[in-house]
Amino acid sequence: MSESKKSATLAINGDSFELPVYSGTAGPDVIDIRKLYAQAGVFTYDPGFTSTASCDSTITFIDGDKGELLHRGYPIDQLAEKSHFLEVCYVLLYGELPSAAQLEDFENRVTRHTMLHEQMMYLFRGFRRDAHPMAIMVGVVGALSAFYHDSTDISDPWQREVASVRMIAKLPTIAAMAYKYSIGQPFVYPRNDIDYASNFLRMCFAVPAEDYEVNPILSRAMDRIFTLHADHEQNASTSTVRLASSSGANPFACIAAGIACLWGPAHGGANQACLEMLREIGTPDRIPEFIARAKDKDDPFRLMGFGHRVYKNFDPRAKVMKQSADEVLDLLGVEDNPTLQVAKDLEAAALADDYFTDKKLFPNVDFYSGIILEAMGFPTSMFTPIFAVSRTVGWISQWKEMIADPQLKIGRPRQLYHGETLRDYVDIEKR
Ligand code: CMC
(Lines give C-alpha, C1' and ligand atoms only; values in the text may rest on other atoms or scores of the structure.)
Protein backbone atom coordinates (compact mmCIF):
# COMPACT_ATOMS: atom_id res chain seq x y z
CA MET A 1 0.00 0.00 0.00
CA SER A 2 1.29 3.47 -0.88
CA GLU A 3 2.32 6.00 1.79
CA SER A 4 -0.61 8.11 2.92
CA LYS A 5 -0.25 11.74 1.87
CA LYS A 6 -3.80 12.79 2.75
CA SER A 7 -5.85 12.36 5.86
CA ALA A 8 -9.46 12.62 6.99
CA THR A 9 -10.63 14.01 10.32
CA LEU A 10 -13.44 12.29 12.14
CA ALA A 11 -15.14 14.18 14.98
CA ILE A 12 -16.99 12.13 17.60
CA ASN A 13 -18.57 13.90 20.57
CA GLY A 14 -16.00 16.68 20.58
CA ASP A 15 -12.95 14.42 20.08
CA SER A 16 -11.29 14.36 16.68
CA PHE A 17 -9.33 11.56 15.05
CA GLU A 18 -6.95 11.73 12.10
CA LEU A 19 -7.35 8.87 9.66
CA PRO A 20 -4.91 8.16 6.81
CA VAL A 21 -6.32 8.34 3.28
CA TYR A 22 -4.81 6.27 0.46
CA SER A 23 -5.10 6.76 -3.29
CA GLY A 24 -5.01 3.86 -5.73
CA THR A 25 -4.05 4.07 -9.40
CA ALA A 26 -7.77 4.51 -10.19
CA GLY A 27 -11.03 4.68 -8.27
CA PRO A 28 -12.01 6.60 -5.14
CA ASP A 29 -9.60 7.22 -2.28
CA VAL A 30 -10.02 5.04 0.79
CA ILE A 31 -10.00 6.07 4.44
CA ASP A 32 -7.95 3.71 6.58
CA ILE A 33 -10.09 2.92 9.62
CA ARG A 34 -8.06 -0.05 10.86
CA LYS A 35 -6.98 1.70 14.06
CA LEU A 36 -10.32 3.46 14.60
CA TYR A 37 -11.66 1.07 17.23
CA ALA A 38 -8.41 1.11 19.19
CA GLN A 39 -8.27 4.92 19.09
CA ALA A 40 -11.91 5.97 19.28
CA GLY A 41 -13.74 2.86 20.56
CA VAL A 42 -16.26 2.86 17.67
CA PHE A 43 -16.89 0.55 14.75
CA THR A 44 -17.95 1.61 11.28
CA TYR A 45 -21.31 0.29 10.03
CA ASP A 46 -21.72 -0.82 6.40
CA PRO A 47 -23.77 -4.06 6.22
CA GLY A 48 -23.80 -4.54 2.42
CA PHE A 49 -20.23 -3.17 2.08
CA THR A 50 -21.54 -0.35 -0.13
CA SER A 51 -18.74 1.99 0.98
CA THR A 52 -16.10 -0.45 2.11
CA ALA A 53 -12.89 -1.43 0.32
CA SER A 54 -12.15 -4.85 1.81
CA CYS A 55 -8.68 -5.30 0.31
CA ASP A 56 -5.85 -3.78 -1.69
CA SER A 57 -5.82 -5.40 -5.14
CA THR A 58 -4.14 -5.07 -8.54
CA ILE A 59 -6.31 -7.47 -10.52
CA THR A 60 -9.60 -5.97 -11.71
CA PHE A 61 -10.89 -2.42 -11.82
CA ILE A 62 -14.49 -1.33 -12.39
CA ASP A 63 -15.68 2.22 -12.98
CA GLY A 64 -19.42 1.80 -12.49
CA ASP A 65 -20.32 5.29 -13.78
CA LYS A 66 -18.33 4.91 -16.98
CA GLY A 67 -19.32 1.26 -17.46
CA GLU A 68 -15.66 0.26 -17.52
CA LEU A 69 -14.25 -3.15 -16.58
CA LEU A 70 -10.49 -3.68 -16.76
CA HIS A 71 -8.52 -6.85 -16.04
CA ARG A 72 -4.94 -5.86 -15.20
CA GLY A 73 -5.71 -2.69 -17.17
CA TYR A 74 -7.07 -4.38 -20.29
CA PRO A 75 -10.69 -3.48 -21.13
CA ILE A 76 -13.17 -6.35 -21.22
CA ASP A 77 -14.48 -5.52 -24.69
CA GLN A 78 -10.95 -5.82 -26.15
CA LEU A 79 -10.36 -9.08 -24.30
CA ALA A 80 -13.72 -10.47 -25.47
CA GLU A 81 -13.00 -9.50 -29.06
CA LYS A 82 -9.26 -10.15 -29.45
CA SER A 83 -8.25 -12.60 -26.74
CA HIS A 84 -9.59 -15.93 -25.53
CA PHE A 85 -10.43 -17.40 -22.17
CA LEU A 86 -7.16 -19.15 -21.31
CA GLU A 87 -5.15 -16.09 -22.23
CA VAL A 88 -7.44 -14.01 -20.01
CA CYS A 89 -6.84 -16.56 -17.24
CA TYR A 90 -3.11 -15.99 -17.67
CA VAL A 91 -3.54 -12.22 -17.51
CA LEU A 92 -5.65 -12.47 -14.36
CA LEU A 93 -3.32 -14.92 -12.65
CA TYR A 94 0.07 -13.47 -13.60
CA GLY A 95 -0.66 -9.81 -14.35
CA GLU A 96 0.67 -9.50 -17.92
CA LEU A 97 -0.21 -10.69 -21.40
CA PRO A 98 1.76 -13.89 -22.04
CA SER A 99 4.34 -14.37 -24.78
CA ALA A 100 3.49 -17.14 -27.26
CA ALA A 101 5.76 -19.56 -25.34
CA GLN A 102 4.28 -18.63 -21.96
CA LEU A 103 0.76 -19.10 -23.30
CA GLU A 104 1.60 -22.47 -24.80
CA ASP A 105 3.16 -23.61 -21.54
CA PHE A 106 0.12 -22.41 -19.54
CA GLU A 107 -2.33 -24.08 -21.91
CA ASN A 108 -0.35 -27.32 -21.66
CA ARG A 109 -0.37 -27.17 -17.90
CA VAL A 110 -4.14 -26.62 -17.76
CA THR A 111 -4.77 -29.31 -20.35
CA ARG A 112 -2.80 -31.91 -18.42
CA HIS A 113 -5.05 -31.52 -15.38
CA THR A 114 -8.50 -31.86 -16.97
CA MET A 115 -9.21 -35.41 -15.76
CA LEU A 116 -10.69 -36.19 -12.36
CA HIS A 117 -9.45 -38.83 -9.97
CA GLU A 118 -11.43 -41.90 -11.05
CA GLN A 119 -12.66 -42.51 -7.51
CA MET A 120 -14.62 -39.25 -7.78
CA MET A 121 -17.09 -40.99 -10.11
CA TYR A 122 -18.49 -42.77 -7.04
CA LEU A 123 -18.96 -39.44 -5.37
CA PHE A 124 -21.16 -38.26 -8.27
CA ARG A 125 -23.18 -41.45 -8.01
CA GLY A 126 -24.04 -40.65 -4.40
CA PHE A 127 -26.17 -37.69 -5.51
CA ARG A 128 -29.83 -37.90 -6.49
CA ARG A 129 -30.26 -37.69 -10.25
CA ASP A 130 -32.54 -34.67 -9.89
CA ALA A 131 -30.01 -32.72 -7.82
CA HIS A 132 -29.28 -29.22 -9.14
CA PRO A 133 -25.85 -29.25 -10.85
CA MET A 134 -24.78 -26.38 -8.56
CA ALA A 135 -25.49 -28.56 -5.53
CA ILE A 136 -23.28 -31.25 -7.03
CA MET A 137 -20.56 -28.71 -7.84
CA VAL A 138 -20.44 -27.33 -4.30
CA GLY A 139 -19.97 -30.87 -3.01
CA VAL A 140 -17.55 -32.17 -5.62
CA VAL A 141 -15.30 -29.10 -5.68
CA GLY A 142 -15.11 -29.14 -1.87
CA ALA A 143 -14.26 -32.83 -2.11
CA LEU A 144 -11.25 -32.13 -4.35
CA SER A 145 -9.40 -31.48 -1.09
CA ALA A 146 -9.99 -35.13 -0.19
CA PHE A 147 -8.35 -36.27 -3.44
CA TYR A 148 -5.51 -33.83 -4.07
CA HIS A 149 -3.73 -33.63 -0.71
CA ASP A 150 -0.50 -32.65 -2.41
CA SER A 151 -1.85 -29.20 -3.27
CA THR A 152 -3.56 -28.10 -0.05
CA ASP A 153 -0.61 -26.56 1.80
CA ILE A 154 -1.28 -22.87 1.25
CA SER A 155 2.10 -21.82 2.67
CA ASP A 156 3.84 -23.48 -0.30
CA PRO A 157 3.72 -21.30 -3.47
CA TRP A 158 4.22 -24.37 -5.69
CA GLN A 159 1.23 -26.15 -4.16
CA ARG A 160 -0.84 -22.98 -4.56
CA GLU A 161 0.08 -22.91 -8.24
CA VAL A 162 -0.80 -26.59 -8.73
CA ALA A 163 -4.15 -26.17 -6.94
CA SER A 164 -4.92 -23.14 -9.14
CA VAL A 165 -4.18 -24.94 -12.40
CA ARG A 166 -6.05 -28.02 -11.21
CA MET A 167 -9.21 -26.07 -10.50
CA ILE A 168 -9.17 -24.10 -13.77
CA ALA A 169 -8.69 -27.42 -15.58
CA LYS A 170 -11.14 -29.57 -13.63
CA LEU A 171 -14.12 -27.24 -13.15
CA PRO A 172 -15.39 -27.75 -16.74
CA THR A 173 -15.09 -31.53 -16.27
CA ILE A 174 -17.00 -31.35 -12.98
CA ALA A 175 -19.75 -29.10 -14.42
CA ALA A 176 -20.15 -31.33 -17.49
CA MET A 177 -20.28 -34.46 -15.35
CA ALA A 178 -22.89 -32.88 -13.07
CA TYR A 179 -24.95 -32.26 -16.21
CA LYS A 180 -24.46 -35.75 -17.66
CA TYR A 181 -25.38 -37.27 -14.32
CA SER A 182 -28.62 -35.26 -14.17
CA ILE A 183 -29.75 -36.51 -17.58
CA GLY A 184 -28.68 -40.11 -17.03
CA GLN A 185 -26.00 -40.16 -19.73
CA PRO A 186 -22.50 -41.63 -19.34
CA PHE A 187 -19.75 -39.22 -18.36
CA VAL A 188 -17.68 -38.02 -21.30
CA TYR A 189 -13.98 -37.78 -20.46
CA PRO A 190 -12.05 -34.64 -21.42
CA ARG A 191 -10.03 -34.50 -24.62
CA ASN A 192 -6.79 -32.63 -24.54
CA ASP A 193 -6.38 -32.05 -28.26
CA ILE A 194 -9.19 -29.50 -28.46
CA ASP A 195 -9.47 -26.06 -26.91
CA TYR A 196 -10.95 -25.33 -23.48
CA ALA A 197 -14.40 -24.19 -24.63
CA SER A 198 -14.75 -26.93 -27.27
CA ASN A 199 -13.72 -29.53 -24.74
CA PHE A 200 -16.42 -28.31 -22.36
CA LEU A 201 -19.09 -28.41 -25.07
CA ARG A 202 -17.98 -31.88 -26.07
CA MET A 203 -18.08 -33.17 -22.50
CA CYS A 204 -21.63 -31.81 -22.21
CA PHE A 205 -23.06 -32.86 -25.56
CA ALA A 206 -21.10 -35.87 -26.84
CA VAL A 207 -22.26 -39.44 -26.21
CA PRO A 208 -20.09 -42.55 -26.51
CA ALA A 209 -22.34 -43.95 -29.24
CA GLU A 210 -21.69 -41.11 -31.68
CA ASP A 211 -18.89 -38.86 -32.68
CA TYR A 212 -19.47 -35.21 -31.80
CA GLU A 213 -18.15 -32.33 -33.85
CA VAL A 214 -17.89 -29.06 -32.03
CA ASN A 215 -19.37 -26.17 -33.98
CA PRO A 216 -16.63 -23.49 -34.02
CA ILE A 217 -19.24 -20.74 -33.77
CA LEU A 218 -20.62 -22.22 -30.58
CA SER A 219 -17.15 -22.82 -29.26
CA ARG A 220 -16.26 -19.15 -29.82
CA ALA A 221 -19.50 -18.06 -28.14
CA MET A 222 -18.81 -20.37 -25.19
CA ASP A 223 -15.29 -19.01 -24.87
CA ARG A 224 -16.67 -15.47 -24.88
CA ILE A 225 -19.14 -16.32 -22.12
CA PHE A 226 -16.25 -17.72 -20.06
CA THR A 227 -14.20 -14.57 -20.77
CA LEU A 228 -16.98 -12.14 -19.87
CA HIS A 229 -17.51 -13.81 -16.48
CA ALA A 230 -13.86 -14.44 -15.60
CA ASP A 231 -13.50 -11.92 -12.78
CA HIS A 232 -15.41 -9.03 -11.29
CA GLU A 233 -13.46 -7.44 -8.49
CA GLN A 234 -14.76 -7.91 -4.90
CA ASN A 235 -18.27 -9.26 -5.66
CA ALA A 236 -20.14 -11.47 -3.16
CA SER A 237 -18.66 -14.83 -4.18
CA THR A 238 -15.11 -13.45 -4.49
CA SER A 239 -15.41 -11.84 -1.07
CA THR A 240 -16.70 -15.19 0.22
CA VAL A 241 -13.61 -16.91 -1.18
CA ARG A 242 -11.35 -14.28 0.39
CA LEU A 243 -13.10 -14.51 3.76
CA ALA A 244 -13.05 -18.32 3.75
CA SER A 245 -9.35 -18.36 2.81
CA SER A 246 -8.42 -15.75 5.40
CA SER A 247 -8.69 -18.50 8.02
CA GLY A 248 -6.08 -20.55 6.17
CA ALA A 249 -8.64 -23.02 4.77
CA ASN A 250 -7.52 -25.11 1.78
CA PRO A 251 -8.12 -23.68 -1.71
CA PHE A 252 -10.64 -26.33 -2.83
CA ALA A 253 -12.83 -25.68 0.22
CA CYS A 254 -12.62 -21.93 -0.41
CA ILE A 255 -13.64 -22.19 -4.07
CA ALA A 256 -16.54 -24.46 -3.01
CA ALA A 257 -17.63 -21.64 -0.67
CA GLY A 258 -17.49 -19.23 -3.62
CA ILE A 259 -19.65 -21.56 -5.70
CA ALA A 260 -22.22 -21.75 -2.89
CA CYS A 261 -22.42 -17.97 -2.74
CA LEU A 262 -22.58 -17.61 -6.51
CA TRP A 263 -25.67 -19.82 -6.63
CA GLY A 264 -27.99 -17.14 -5.16
CA PRO A 265 -30.42 -15.40 -7.56
CA ALA A 266 -29.08 -11.94 -6.69
CA HIS A 267 -25.64 -13.07 -7.98
CA GLY A 268 -24.77 -15.92 -10.39
CA GLY A 269 -28.17 -17.56 -10.09
CA ALA A 270 -29.63 -14.54 -11.91
CA ASN A 271 -28.94 -16.03 -15.36
CA GLN A 272 -31.20 -19.02 -14.66
CA ALA A 273 -33.80 -16.81 -12.95
CA CYS A 274 -33.68 -14.35 -15.86
CA LEU A 275 -34.38 -16.92 -18.56
CA GLU A 276 -37.16 -18.44 -16.46
CA MET A 277 -38.64 -14.96 -16.07
CA LEU A 278 -38.44 -14.27 -19.82
CA ARG A 279 -40.19 -17.58 -20.50
CA GLU A 280 -42.84 -16.80 -17.90
CA ILE A 281 -43.49 -13.44 -19.55
CA GLY A 282 -43.81 -15.42 -22.76
CA THR A 283 -45.14 -12.74 -25.11
CA PRO A 284 -44.39 -9.01 -25.41
CA ASP A 285 -47.99 -8.04 -24.50
CA ARG A 286 -47.39 -9.27 -20.93
CA ILE A 287 -44.35 -7.02 -20.39
CA PRO A 288 -46.29 -4.11 -18.81
CA GLU A 289 -47.67 -6.48 -16.17
CA PHE A 290 -44.16 -7.59 -15.16
CA ILE A 291 -42.78 -4.06 -15.25
CA ALA A 292 -45.61 -3.00 -12.93
CA ARG A 293 -44.78 -5.88 -10.58
CA ALA A 294 -41.08 -4.96 -10.53
CA LYS A 295 -42.03 -1.39 -9.54
CA ASP A 296 -44.51 -2.44 -6.87
CA LYS A 297 -42.92 -2.03 -3.41
CA ASP A 298 -45.29 -4.69 -1.99
CA ASP A 299 -44.26 -7.29 -4.55
CA PRO A 300 -40.85 -8.94 -3.99
CA PHE A 301 -40.53 -9.56 -7.76
CA ARG A 302 -37.53 -7.91 -9.44
CA LEU A 303 -36.60 -7.84 -13.09
CA MET A 304 -33.90 -10.49 -13.15
CA GLY A 305 -30.84 -9.55 -15.18
CA PHE A 306 -31.45 -5.90 -14.31
CA GLY A 307 -29.50 -3.69 -11.96
CA HIS A 308 -26.04 -3.90 -10.50
CA ARG A 309 -24.40 -2.76 -7.30
CA VAL A 310 -21.50 -1.13 -9.14
CA TYR A 311 -22.60 -0.37 -12.71
CA LYS A 312 -24.84 2.67 -12.73
CA ASN A 313 -24.79 3.46 -16.44
CA PHE A 314 -24.33 0.24 -18.33
CA ASP A 315 -22.67 -3.14 -17.81
CA PRO A 316 -19.93 -3.43 -20.47
CA ARG A 317 -20.28 -7.22 -20.39
CA ALA A 318 -23.99 -6.95 -21.25
CA LYS A 319 -23.16 -4.99 -24.42
CA VAL A 320 -20.89 -7.76 -25.70
CA MET A 321 -23.35 -10.44 -24.55
CA LYS A 322 -26.25 -8.85 -26.42
CA GLN A 323 -24.20 -8.67 -29.60
CA SER A 324 -23.12 -12.28 -29.08
CA ALA A 325 -26.75 -13.40 -28.62
CA ASP A 326 -27.67 -11.83 -31.95
CA GLU A 327 -24.67 -13.45 -33.66
CA VAL A 328 -25.22 -16.91 -32.21
CA LEU A 329 -28.93 -17.03 -33.00
CA ASP A 330 -28.24 -15.70 -36.46
CA LEU A 331 -25.46 -18.17 -37.18
CA LEU A 332 -27.51 -21.05 -35.81
CA GLY A 333 -30.32 -19.98 -38.09
CA VAL A 334 -32.70 -19.46 -35.16
CA GLU A 335 -35.26 -17.03 -36.48
CA ASP A 336 -37.94 -15.33 -34.45
CA ASN A 337 -36.69 -16.54 -31.09
CA PRO A 338 -39.61 -15.54 -28.83
CA THR A 339 -37.44 -15.32 -25.69
CA LEU A 340 -34.98 -12.97 -27.43
CA GLN A 341 -37.90 -10.86 -28.64
CA VAL A 342 -39.32 -10.63 -25.11
CA ALA A 343 -35.84 -9.73 -23.80
CA LYS A 344 -35.37 -6.95 -26.34
CA ASP A 345 -38.85 -5.52 -25.77
CA LEU A 346 -38.48 -5.79 -22.01
CA GLU A 347 -35.15 -3.98 -22.13
CA ALA A 348 -36.65 -1.21 -24.28
CA ALA A 349 -39.72 -0.89 -22.04
CA ALA A 350 -37.65 -0.73 -18.85
CA LEU A 351 -35.21 1.79 -20.29
CA ALA A 352 -38.12 4.04 -21.25
CA ASP A 353 -39.50 3.92 -17.71
CA ASP A 354 -38.48 6.53 -15.12
CA TYR A 355 -38.45 3.95 -12.30
CA PHE A 356 -35.55 2.10 -13.91
CA THR A 357 -33.65 5.09 -15.27
CA ASP A 358 -33.97 7.07 -12.02
CA LYS A 359 -32.61 4.13 -10.04
CA LYS A 360 -29.95 3.55 -12.73
CA LEU A 361 -31.12 0.00 -13.40
CA PHE A 362 -29.77 -1.37 -16.68
CA PRO A 363 -29.45 -4.89 -18.13
CA ASN A 364 -26.52 -6.74 -16.62
CA VAL A 365 -24.38 -9.56 -18.01
CA ASP A 366 -26.99 -12.16 -17.13
CA PHE A 367 -29.77 -10.56 -19.15
CA TYR A 368 -28.65 -12.04 -22.47
CA SER A 369 -26.33 -14.90 -21.48
CA GLY A 370 -29.19 -17.35 -20.87
CA ILE A 371 -30.53 -16.81 -24.38
CA ILE A 372 -27.19 -17.83 -25.88
CA LEU A 373 -26.81 -20.80 -23.56
CA GLU A 374 -30.33 -21.98 -24.30
CA ALA A 375 -29.68 -21.72 -28.04
CA MET A 376 -26.59 -23.88 -27.53
CA GLY A 377 -28.75 -26.56 -25.96
CA PHE A 378 -28.08 -26.03 -22.26
CA PRO A 379 -30.94 -26.38 -19.76
CA THR A 380 -31.41 -23.41 -17.41
CA SER A 381 -29.99 -25.44 -14.49
CA MET A 382 -26.58 -25.37 -16.23
CA PHE A 383 -26.38 -21.58 -16.56
CA THR A 384 -25.01 -20.92 -13.07
CA PRO A 385 -22.56 -23.87 -13.21
CA ILE A 386 -21.17 -22.32 -16.42
CA PHE A 387 -20.78 -19.02 -14.56
CA ALA A 388 -18.93 -20.95 -11.82
CA VAL A 389 -16.56 -22.50 -14.38
CA SER A 390 -15.78 -19.02 -15.75
CA ARG A 391 -15.39 -17.30 -12.38
CA THR A 392 -13.06 -19.94 -10.93
CA VAL A 393 -10.03 -18.14 -12.37
CA GLY A 394 -11.16 -14.86 -10.81
CA TRP A 395 -11.64 -16.46 -7.41
CA ILE A 396 -8.24 -18.13 -7.69
CA SER A 397 -6.43 -14.98 -8.79
CA GLN A 398 -7.90 -13.05 -5.86
CA TRP A 399 -7.13 -15.91 -3.48
CA LYS A 400 -3.51 -16.12 -4.66
CA GLU A 401 -3.09 -12.38 -4.32
CA MET A 402 -4.47 -12.50 -0.80
CA ILE A 403 -2.40 -15.46 0.40
CA ALA A 404 0.80 -13.88 -0.93
CA ASP A 405 0.10 -10.63 0.97
CA PRO A 406 2.34 -10.42 4.07
CA GLN A 407 -0.36 -8.33 5.77
CA LEU A 408 -2.89 -11.19 5.57
CA LYS A 409 -5.22 -11.22 8.57
CA ILE A 410 -8.25 -13.36 9.26
CA GLY A 411 -11.42 -11.54 8.14
CA ARG A 412 -13.46 -10.81 11.22
CA PRO A 413 -16.13 -8.10 10.95
CA ARG A 414 -17.85 -6.69 14.03
CA GLN A 415 -21.49 -5.76 14.54
CA LEU A 416 -24.01 -3.27 15.84
CA TYR A 417 -25.76 -5.29 18.57
CA HIS A 418 -29.45 -4.73 19.24
CA GLY A 419 -30.26 -7.90 21.18
CA GLU A 420 -31.02 -8.42 24.86
CA THR A 421 -28.40 -7.31 27.34
CA LEU A 422 -27.28 -9.50 30.24
CA ARG A 423 -30.11 -11.43 31.92
CA ASP A 424 -30.34 -14.48 34.16
CA TYR A 425 -31.23 -17.96 32.97
CA VAL A 426 -34.74 -19.07 34.07
CA ASP A 427 -35.34 -22.73 35.01
CA ILE A 428 -37.78 -24.47 32.66
CA GLU A 429 -40.49 -25.03 35.29
CA LYS A 430 -40.59 -21.29 35.99
CA ARG A 431 -41.15 -20.16 32.34
N1 CMC B 1 -35.94 -4.82 -10.51
C2 CMC B 1 -36.65 -3.88 -9.87
N3 CMC B 1 -36.15 -3.04 -8.95
C4 CMC B 1 -34.85 -3.16 -8.64
C5 CMC B 1 -34.02 -4.11 -9.27
C6 CMC B 1 -34.60 -4.95 -10.24
N7 CMC B 1 -33.87 -5.88 -10.86
N8 CMC B 1 -32.77 -4.02 -8.77
C9 CMC B 1 -32.79 -3.03 -7.88
N10 CMC B 1 -34.05 -2.51 -7.78
C11 CMC B 1 -34.47 -1.38 -6.96
C12 CMC B 1 -34.60 -1.81 -5.49
O13 CMC B 1 -35.93 -2.22 -5.20
C14 CMC B 1 -34.22 -0.54 -4.78
O15 CMC B 1 -35.33 0.33 -4.78
P16 CMC B 1 -35.54 1.35 -3.53
O17 CMC B 1 -34.34 2.24 -3.52
O18 CMC B 1 -36.79 2.06 -3.89
O19 CMC B 1 -35.67 0.49 -2.32
C20 CMC B 1 -33.15 0.09 -5.67
O21 CMC B 1 -33.42 -0.43 -6.99
C22 CMC B 1 -31.72 -0.30 -5.28
O23 CMC B 1 -31.67 -1.71 -5.17
P24 CMC B 1 -30.74 -2.48 -4.14
O25 CMC B 1 -31.25 -3.86 -3.94
O26 CMC B 1 -30.55 -1.62 -2.92
O27 CMC B 1 -29.38 -2.49 -4.95
P28 CMC B 1 -28.17 -3.46 -4.72
O29 CMC B 1 -26.98 -2.76 -5.24
O30 CMC B 1 -28.12 -3.91 -3.29
O31 CMC B 1 -28.52 -4.74 -5.60
C32 CMC B 1 -28.66 -6.29 -7.37
C33 CMC B 1 -27.94 -5.06 -6.81
C34 CMC B 1 -27.91 -6.78 -8.59
C35 CMC B 1 -28.63 -7.41 -6.31
C36 CMC B 1 -30.11 -5.92 -7.72
O37 CMC B 1 -30.13 -4.92 -8.72
C38 CMC B 1 -30.94 -7.14 -8.15
O39 CMC B 1 -31.49 -7.84 -7.30
N40 CMC B 1 -31.02 -7.41 -9.50
C41 CMC B 1 -31.68 -8.61 -10.00
C42 CMC B 1 -30.78 -9.81 -9.86
C43 CMC B 1 -29.64 -9.80 -10.88
O44 CMC B 1 -29.85 -9.59 -12.06
N45 CMC B 1 -28.42 -10.09 -10.41
C46 CMC B 1 -27.25 -10.25 -11.26
C47 CMC B 1 -26.22 -9.21 -11.02
S48 CMC B 1 -24.95 -9.21 -12.31
C49 CMC B 1 -24.18 -10.76 -12.19
C50 CMC B 1 -23.56 -11.02 -10.87
O51 CMC B 1 -22.93 -10.14 -10.28
O52 CMC B 1 -23.65 -12.16 -10.41
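In this text the structure is predicted, and so the values were computed from the model without any measurement. (Residues numbered from 1 in each chain as written. Predicted model: local features only at pLDDT ≥ 70, side-chain atom pairs only at ≥ 80, totals over all residues. Heavy atoms only, no water.)

Please clarify how helix H13 (residues 287–295) should be interpreted in this entry.
In an α-helix there are 3.6 residues to a turn, and that puts residues three or four apart on one side. Buried within H13 we find Ile287, Phe290, Ile291 and Ala294. Each buried residue of H13 lies within a common arc of 105° when the element is viewed along its axis, so the set occupies one face. In this structure, the buried residues of H13 make contact with helix H12 (270–281), helix H15 (338–351) and helix H16 (354–358). (Buried < 20%, exposed > 50% of the residue type's maximum accessible area, 1.4 Å probe, protein only. Helix = DSSP H or I, 4+ residues; strand = E, 2+ residues; numbered from the N terminus. Arc of directions from axis to C-beta. Contact = heavy atoms within 4.5 Å.)

Looking at this structure, I do not really get the site of the ligand. What am I missing?
Neighbouring residues of the ligand: 21 residues in total, closest His267, Lys297, Leu303, Arg309 and Lys359. Arg302 has a polar side-chain atom sitting 2.9 Å from an oxygen atom of the ligand. For the ligand, the accessible surface in isolation is 940 Å², of which the surrounding protein chains cover 75%. Across the shell around the ligand, the residue classes break down as 10 nonpolar, six polar and five charged. (Near = heavy atom within 4 Å. Polar contact = N/O pair within 3.5 Å; in protein donor to acceptor, adjacent residues only side chain to side chain. Areas by Shrake-Rupley, 256 points an atom, 1.4 Å probe, with all protein chains shown as cover. Nonpolar A, V, L, I, M, F, W, Y, C, P; charged D, E, K, R; others polar.)

Even after reading the chapter, I still don't get the environment of Lys360, so can you show me in this structure?
Examined against the element boundaries, Lys360 turns out to sit in the loop between H16 and helix H17 (366–376). The exposure class assigned to Lys360 is partly exposed, which follows from its relative accessible area of 41%. Separated by 53 residues in sequence, Lys360 and Gly307 have C-alpha atoms that sit 7.3 Å apart. Setting aside anything within four residues of it in sequence, one finds Lys360 in contact with Tyr311 and Lys312.

Where do I start with the pattern of salt bridges in this structure?
Close approach of charged atoms allows side chains of opposite charge to pair. Counted by the stated rule, this structure contains 19 salt bridges. With a shortest N-O distance of 3.2 Å, Arg286 and Glu289 are connected by a salt bridge. By relative accessible area, Arg286 is classed as partly exposed at 29%. Here Lys295 ties to Asp353 by a salt bridge, and the two come within 2.9 Å at their closest N and O atoms. Of the two residues, Lys295 is situated in helix H13 and Asp353 in the loop between H15 and H16; the sequence distance between them amounts to 58 residues. Residue Lys295 is classed as partly exposed on the basis of its relative accessible area of 35%. Relative accessible area serves as the criterion here: at 14%, Asp353 is assigned to the buried category. Residues joined by salt bridges that share partners form a network here, namely Asp105, Arg109, Glu161 and Lys400. (Salt bridge = Lys/Arg side-chain N within 4 Å of Asp/Glu carboxyl O.)

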